[in-house]
Amino acid sequence: MGRLTVLYDADCPLCVHLRHWLLRRRQLVPLDFVPAGSQQARRLFPALDHTATLREITVIGDRGQVYRETSAWIVCLWALAEHRPKAHWLATPAGQPFARVTVLAAAKWREALRGPGPDDGPCRNGHCEVPGPPG
């Protein structure tokens, strides 16, 4: 695999934070980031369900492989020099429950940020704020 394209929700503070975190790490496989649902994403990957890519992280390999949800996060970690061994472990039967719980927790946090409607919660009128530390 020569490159990976990560489709991420550019309106989600957690997603944007994780994008920046991934970009600061040494990559063994280059990661390209494209906002999910964007015209660029639709042009690059016309066969994808772009509505679904806004609900769940989607990573596409340079040979057309499509990774979603937990597998997408594992392949992102696999692309990073310092996290490849952990990615290998997370892909095993012993590690998969940990990966899944982490992805579910992130999804719950992301959902809580969005709030029940466009004008409710910390995401108002399409603009989200990352919450501060607890306490």
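Quantities reported herein were computed from a predicted structural model and do not represent experimental measurements.

Rules behind the numbers
- Residues numbered from 1 in each chain as written.
- Predicted model: local features only at pLDDT ≥ 70, side-chain atom pairs only at ≥ 80, totals over all residues.
- Heavy atoms only, no water.
- Helix = DSSP H or I, 4+ residues; strand = E, 2+ residues; numbered from the N terminus.
- Buried < 20%, exposed > 50% of the residue type's maximum accessible area, 1.4 Å probe, protein only.
- Salt bridge = Lys/Arg side-chain N within 4 Å of Asp/Glu carboxyl O.

A. Structural detail: the environment of L44. Take L44: it is sitting in helix 2 (residues 39–44). Judged by relative accessible area, L44 falls into the partly exposed class, the value being 40%. For the pair L44 and V34, spaced 10 residues apart in sequence, the C-alpha separation works out to 9.6 Å.

B. Just unusual backbone geometry, in detail. Even without being glycine, E69 reaches a positive phi, approximately 50 degrees. Within the secondary structure layout, E69 lies in helix 4 (residues 69–78). E69 gets classed as partly exposed once you look at its relative accessible area, which sits at 32%.

C. Representation of the pattern of salt bridges within the structure. Tallying each qualifying case throughout the model produces 4 salt bridges. Here D32 ties to R3 by a salt bridge, and the two come within 2.8 Å at their closest N and O atoms. Of this pair, D32 sits in strand 2 (residues 31–35) while R3 sits in the segment before strand 1 (4–8); the two residues are 29 residues apart in sequence, bridging distant segments of the chain. Given the relative accessible area of 27%, D32 is considered partly exposed. Note on R3: relative accessible area 39%, which makes it partly exposed. One salt bridge connects R25 with E82, and the closest N-O pair in it is separated by 3.6 Å. With R25 in the loop between helix 1 (13–23) and strand 2 and E82 in the loop between helix 4 and helix 5 (84–90), the pair connects residues that are 57 residues apart, well separated along the chain.

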